[in-house]
Amino acid sequence: MFNDIGPLELVTIIVLAVLVFGPDKLPKVIQDVTRTIRKIREFSESAKHDIRQELGPEFKDFEFEDLNPKTYLRKQLDNEDLGLKEIRNGFDLKKEMAEVTDAVNGRDSGSSTTSSTSVPSGGRIDMTKKPEVAGADARPVFDADAT
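The notes below deal with the structure included here.

Check the secondary structure of the chain and you find four helices and zero strands. Shown N-terminal to C-terminal, the secondary structure of the chain runs as helices and strands in the order α-α-α-α. Of the accessible surface of the chain, which amounts to about 13300 Å², a share of 60% is contributed by carbon and sulfur atoms.

Structure below.
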């Protein structure tokens, strides 16, 4: 319930509680708060049980956490019936992006005619290819936008 409260925050809350309620009334306040939390949990569980009974046997696997869109989507995407894991595992993003860039630049996907250090006619640097080793006297490419 309080997973994100650190030790310093917990000590601060305790000190504030002692200052606000006093050491005499603090145990009674803690008992009242825990009793209220327990009643809220019991009410919530009984409401869940009543809803499950009203939905009937066809919704026996229904979980209230599935109403959260994130968990619902995660559960549906991990479903083996759709075969999405095979599609996800068989997809190579780097290869696909290299093919798309080659197609846009009008090159064959198997050959590399330009290096990544040379600037194509469009004024952009091709970041998909590995840079060739430059000679000792070669100067690096100057990019006015980067400075």
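Next comes the rest of the account.
One can find Glu-9 in helix H1 (residues 7-55). At 2.5 Å, the side chain of Glu-9 and the backbone nitrogen of Gly-6 are in polar contact.

Attention now moves to the pattern of salt bridges. For the coordinates displayed, the defined rule picks out two salt bridges. Between Lys-28 and Asp-32 there is a salt bridge, with the nearest N and O atoms lying 3.4 Å from each other. Remark: Asp-32 and Lys-28 occur in helix H1; sequence separation between them is four residues, near one turn of the helix. A relative accessible area of 54% places Lys-28 in the exposed class. Looking at Asp-32, the relative accessible area reads 29%, which means it is partly exposed. Beyond isolated ion pairs, a larger network of salt bridges with shared partners links Lys-28, Asp-32 and Arg-35.

Parameters and conventions
- Residues numbered from 1 in each chain as written.
- Predicted model: local features only at pLDDT ≥ 70, side-chain atom pairs only at ≥ 80, totals over all residues.
- Heavy atoms only, no water.
- Helix = DSSP H or I, 4+ residues; strand = E, 2+ residues; numbered from the N terminus.
- Areas by Shrake-Rupley, 256 points an atom, 1.4 Å probe, with all protein chains shown as cover.
- Polar contact = N/O pair within 3.5 Å; in protein donor to acceptor, adjacent residues only side chain to side chain.
- Salt bridge = Lys/Arg side-chain N within 4 Å of Asp/Glu carboxyl O.
- Buried < 20%, exposed > 50% of the residue type's maximum accessible area, 1.4 Å probe, protein only.

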